[in-house]
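# Geometric and topological summary
Now for the letters of each chain:
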2 protein chains.
Amino acid sequence: MNILLVAGGSKKDWPQIDFSDYAFFVGVDRGGLLLLKEGQSLDLAVGDFDSLSQEERLLVEKKAKRSQTSQAEKDDTDTQLALEETLKLFPKASITIVGATGGRLDHFLANLWLPMEARFQPFIRQIVLKDEQNTISYYLPGEYTVKREADKKYLAYCCLTPVENLTLKDSKYLLDRQQVPVPTSYASNEFVGETAMFSFDSGVIAVIQSKD
Amino acid sequence: MNILLVAGGSKKDWPQIDFSDYAFFVGVDRGGLLLLKEGQSLDLAVGDFDSLSQEERLLVEKKAKRSQTSQAEKDDTDTQLALEETLKLFPKASITIVGATGGRLDHFLANLWLPMEARFQPFIRQIVLKDEQNTISYYLPGEYTVKREADKKYLAYCCLTPVENLTLKDSKYLLDRQQVPVPTSYASNEFVGETAMFSFDSGVIAVIQSKD
């Protein structure tokens with residue numbers, strides 16, 4: 001089951017979305033309104049909704065099949081709450097998050113690092129962040145094959161933590177059991193075929209496919 | 001001495017820049033051309049210049065007081081090379097980097113994490129990344145006072161590594177000796193006065209001041 005989670009970032013940064021790919025739609029704060037404006041159902045709305053006008057807020061409350069109102073001052077971000085609630089409902093779903101990049105970089109980093117939290121790590125392979133130019137997937141130690149997305153040119157291995165024995169195969173630039181002591185973005189690598197392989201022994205890696 | 005380093009990202013993401021604040025201008029690849037178009041001197045140009053037309057490239061080569069041409073296939077990014085060269089020339093300078101955010105997130109992360117590399121860590125307090133909405137400064141363990149920028153509302157403590165005993169004072173949200181086991185963005189904090197204090201005992205923190 002595929003779920004689309006729309007965070008509150010600007011719609012101009014969204015990727016191309018085929019809404020028919022998704023069976024359940026989650027809106028975070030302003031993201032709920034954006035989903036309704038696209039003519040989509042709003043299966044779950046989460047947020048304090050303080051970025052909406054009274055009228056917009058009433059619309060979201062009326063149309064949302066479920067909603068969870070958060071406090072304005074709280075420890076978790078609305079996106080964290082939405083992801084937690086979504087995974088409670090559908091622990092095996094694939095979740096694509098849009099509206100989570102661009103603009104304020106403290107927000108982007110909070111979103112980038114979401115899947116590393118202990119509560120979300122068991123679901124790390126099910127979570128993908130997408131925007132107009134980038135697709136971000138997450139990996140725990142192991143050996144993997146990455147499939148090239150048709151519209152993407154670049155392939156990056158972003159070590160979000162120290163990483164041991166990073167090995168890259170079947171790509172333009174190769175590594176053999178590289179030790180990575182601090183977070184490092186091995187950017188601008190490229191596929192040479194339709195897939196690339198990589199492996200590592202400890203840490204967390206975000207693989208980013210991107211285009212100019 | 002203040003140095004402006006212009007990386008190759010789009011000019012639309014630049015902050016407001018008062019060029020008279022800077023005494024030395026570094027252009028990375030397309031960034032060199034952008035500096036010339038602003039009517040600024042180009043004291044150092046670094047890059048493989050493959051993003052420029054033949055005509056643009058000739059202009060950069062003619063106008064640059066120094067230049068360092070990198071190979072298209074290399075281990076370091078052009079921004080890494082430019083920062084290294086700049087710090088060799090002026091090891092005590094304050095370096096503001098623009099054009100390093102937005103667009104491809106593998107590039108942004110490479111830039112975000114630059115100051116954590118062993119070769120740049122001794123200079124970590126001298127390096128600032130800026131764009132239209134964000135100012136990013138870097139800190140090694142210690143106790144610090146952050147001064148509010150006039151146009152910024154939000155204050156975030158982004159732990160780029162695990163961090164021990166993070167304490168936040170004089171701000172809207174407080175922490176007392178918090179243990180941070182994975183990279184975490186404490187986003188959307190706010191100043192309550194003109195300064196805020198924080199301290200920590202291990203790791204690296206990026207402080208981001210931002211506005212909507």
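Residues numbered from 1 in each chain as written. Chains lettered and ligands numbered in written order. Predicted model: local features only at pLDDT ≥ 70, side-chain atom pairs only at ≥ 80, totals over all residues. Heavy atoms only, no water.

Chain A appears in an unreviewed UniProt entry as Thiamine diphosphokinase from Candidatus Enterococcus clewellii.

## A word on the overall build of chain A
The condition that has to hold: Comment: elements are numbered from the N terminus, with helices defined as DSSP H or I runs of at least four residues and strands as E runs of at least two. Relative accessible area decides the class of each residue, using a 1.4 Å probe on protein chains only: under 20% of the type maximum gives buried, over 50% gives exposed, and in between gives partly exposed. By the convention used here, residues are in contact when the closest approach between their heavy atoms is within 4.5 Å. Accessible surface is estimated by sampling points in the Shrake-Rupley manner with a 1.4 Å probe; for residues, cover comes only from the protein chains shown.
Check the secondary structure of chain A and you find four helices and 14 strands. Judged by the C-alpha coordinates and their principal axes, chain A covers about 55 × 35 × 30 Å. The proportion of buried residues among the 212 residues of chain A is 55%. In chain A, 61% of the contacts between residues at least 6 apart in sequence involve partners at least 24 apart. Of the roughly 9400 Å² of accessible surface on chain A, a fraction of 47% belongs to carbon and sulfur atoms.

## Side note on the sheet that holds strand β8 (residues 142-147) of chain A
All names here are of chain A. Spelled out, the test is: Whether two strands pair comes down to DSSP finding at least two bridges between them. To get an axis, a line is fitted to the C-alpha atoms, and for a helix only the part in contact is used. The angle between two axes follows their N-to-C directions and goes from 0 to 180 degrees.
Spatial ordering of the open sheet is given by β8-β13-β10-β11, a layout of four strands whose pairing is antiparallel. Two strands close off the open sheet at either side, each with one partner strand: β8 and β11 (175-180). Geometrically, the sheet is characterised by an average inter-axis angle of 20 degrees between neighbouring strands, direction not taken into account. Strand direction decides the pairing type here: β8 and strand β13 (residues 195-200), joined by six bridges, are antiparallel. Looking across to β13, one finds that K147 is bridged to T195.

## Comments concerning the side chain of S70(A)
Residues and elements named next belong to chain A. Our working definition: Two N or O atoms count as a polar contact when they lie within 3.5 Å, although within protein this holds only if one can serve as hydrogen donor and the other as acceptor, and sequence-adjacent residues are included solely when both atoms are side-chain atoms.
Structurally, the position occupied by S70 is in the loop between β4 (66-69) and α3 (78-89). Polar side-chain contacts of S70 include one of 3.1 Å to the backbone nitrogen of D48. When sequence neighbours within four positions are dropped, the list of residues in contact with S70 reads G47, D48, D78 and L81.

## Here's the deal with the pattern of salt bridges
Residue and element names in this part refer to chain B. Here is the rule: Salt bridges are identified by distance alone: a Lys or Arg side-chain nitrogen within 4 Å of an Asp or Glu carboxyl oxygen.
Scanning the model with the defined rule gives 32 salt bridges over all chains in all. When the shortest N-O distance is used, the salt bridge between D43 and K65 registers 3.1 Å. Of this pair, D43 sits in the loop between α1 (30-37) and β3 (44-47) while K65 sits in the loop between α2 (54-63) and β4 (66-69), and the two are 22 residues apart along the sequence. Its relative accessible area of 8% is what places D43 among the buried residues. K65 sits in the exposed class, given a relative accessible area of 59%.

## Thoughts on the relation of the copies chain B and chain A
Our working definition: Copy-to-copy superposition: least squares on the C-alpha atoms, limited to residues that have pLDDT of at least 70 in both copies.
The transformation that overlays chain B on chain A combines an axial shift of 0.0 Å with a rotation of 180 degrees, and the residual RMSD is 0.0 Å. Here the copies are linked by what is in effect a two-fold axis. The share of interface residues of chain B whose copies in chain A are also at the interface is 100%, consistent with both copies meeting through the same surface.

## Describing unusual backbone geometry
For F49(A), which is not glycine, the phi torsion reads 60 degrees and is therefore positive. Note on placement: F49(A) falls in the loop between β3 (44-47) and α2 (54-63). Judged by its relative accessible area of 2%, F49(A) falls in the buried class. Residues other than glycine seldom take positive phi values, yet N165(B) does so here, at roughly 60 degrees. Here N165(B) shows up in strand β10 (residues 163-169). Owing to a relative accessible area of 15%, N165(B) belongs among the buried residues under this scheme.

## Describing helix α3 (residues 78-89) of chain B
This is how the line gets drawn: Expected helix span is given by 1.5 Å per residue-to-residue step, counting one fewer step than there are residues.
Taking 1.5 Å as the rise per residue, α3(B) with twelve residues should run 16 Å; its terminal C-alpha atoms sit 17 Å apart, in good agreement. The set of residues buried in α3(B) consists of D78(B), T79(B), Q80(B), L81(B), A82(B), L83(B), E85(B), T86(B) and L87(B).

## Quick notes on the pairing of strand β2 (residues 24-28) of chain B
Residues and elements named next belong to chain B. This is how the line gets drawn: Clockwise travel from the first strand over the helix to the second, with the strands pointing away from the viewer, marks a crossover as right-handed.
With five of five residues buried, β2 lies mostly within the body of the structure. Taking every second residue as pointing to the same face, both faces of β2 are buried, with F24, V26 and V28 on one and F25 and G27 on the other. Judged from the four bridges that link them, strand β1 (residues 2-6) and β2 form a sheet pairing that is parallel. Paired with V6 across the bridge in β2 is G27. Pairing of β2 with β3 involves three bridges; the strand directions are parallel. Residue pairing across strands places G27 opposite A45, the latter belonging to β3. In the classification by handedness, the crossover that spans β2, the intervening α1 and the parallel β3 is right-handed.

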